[in-house]
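# Structure assessment
Residues per chain, in single letters:
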Amino acid sequence: MRLTTKGRYAVTAMLDLAIHHEQGPVTLCDIAQRQGISLSYLEQLFSQLRKRGLVSSTRGPGGGYRLGRTPEDIAVVDVIAAVDESVDATRCGGKENCQQEQRCLTHDLWHDLSQQIHDFLSRIDLAQLVERRRVREVALRQERASLREGGRSSAEVAGPARTSW
């Protein structure tokens, strides 16, 4: 099983949005700058995330994206599924036609691994990730770097915000 860049970037962008969600709408430009992800790629991902109700958008000045649900209600597996990623470790995509259209010897092993990964990612929500000390440290370092580079962060646009770090 290999989680592609698409799934990793989607989770990273959603975590960034969760970290800054109390500051109002967050622009994709801010996320792109902080996370080093192409703006056009983020636009594609957020189109899919919006269709699944994981984010909502506001147009115009002061606009951007917000979480579509509370961080506690968005599991990592939801984000991965929203961008059409899979956590399937089987070669056959679960169709049991792994080896010459037949079930292979190790199909159950890889199926069980896939289920373990799915279960693990379904038990982790964005709020839990935000609360991790290392995540908060990285987010703070990114925000400081963004400000040093002269970029306007979503925090500057929204004004002072309450932080729980």
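Located above this text is the structure these notes cover.
Residues numbered from 1 in each chain as written. Predicted model: local features only at pLDDT ≥ 70, side-chain atom pairs only at ≥ 80, totals over all residues. Heavy atoms only, no water.

## Section: unusual backbone geometry
Test applied: Helix and strand assignments come from DSSP, with helices taken as H or I runs of at least 4 residues and strands as E runs of at least 2, each series counted from the N terminus.
The phi dihedral of D84 falls on the positive side, at around 60 degrees, and the residue is not glycine. Note that D84 resides in the loop between α4 (76–82) and α5 (107–122). One non-glycine residue, E96, adopts positive backbone phi at about 60 degrees. Within the element layout of this structure, E96 appears in the loop between α4 and α5.

## Here we look at the pairing of strand β2 (residues 64–67)
Basically, it comes down to this: Any two strands with at least two DSSP-identified bridges between them are counted as paired.
Here strand β1 (residues 55–58) pairs with β2 via 4 bridges, running antiparallel. Note on β2: the bridge partner recorded for T58 is G64. Where β1 folds back on β2, the antiparallel hairpin that results is connected by 5 residues, among which G60 adopts a positive phi of roughly 90 degrees.

## A word on the packing of aromatic side chains
Spelled out, the test is: Ring pairs are drawn from Phe, Tyr and Trp, using the six-membered ring of Trp, whenever the two centres fall within 6.5 Å, and their geometry is named by plane angle: stacked under 30 degrees, edge-to-face over 60, tilted for the rest. Per-residue accessibility, obtained with a 1.4 Å probe over protein chains only, is compared with the maximum for each type, and a residue is labelled buried under 20%, exposed over 50%, and partly exposed between these values.
All chains considered together, the criterion is met by 2 aromatic pairs. Relative to Y41, the ring of Y9 has its centre 5.7 Å away and its plane inclined at 80 degrees; by these criteria the two rings are edge-to-face. Taken together, the positions of Y9 in helix α1 (residues 5–19) and Y41 in helix α3 (residues 39–51) put the pair 32 residues apart, joining distant regions of the chain. Y9 gets classed as partly exposed once you look at its relative accessible area, which sits at 30%. Note on Y41: relative accessible area 25%, which makes it partly exposed.

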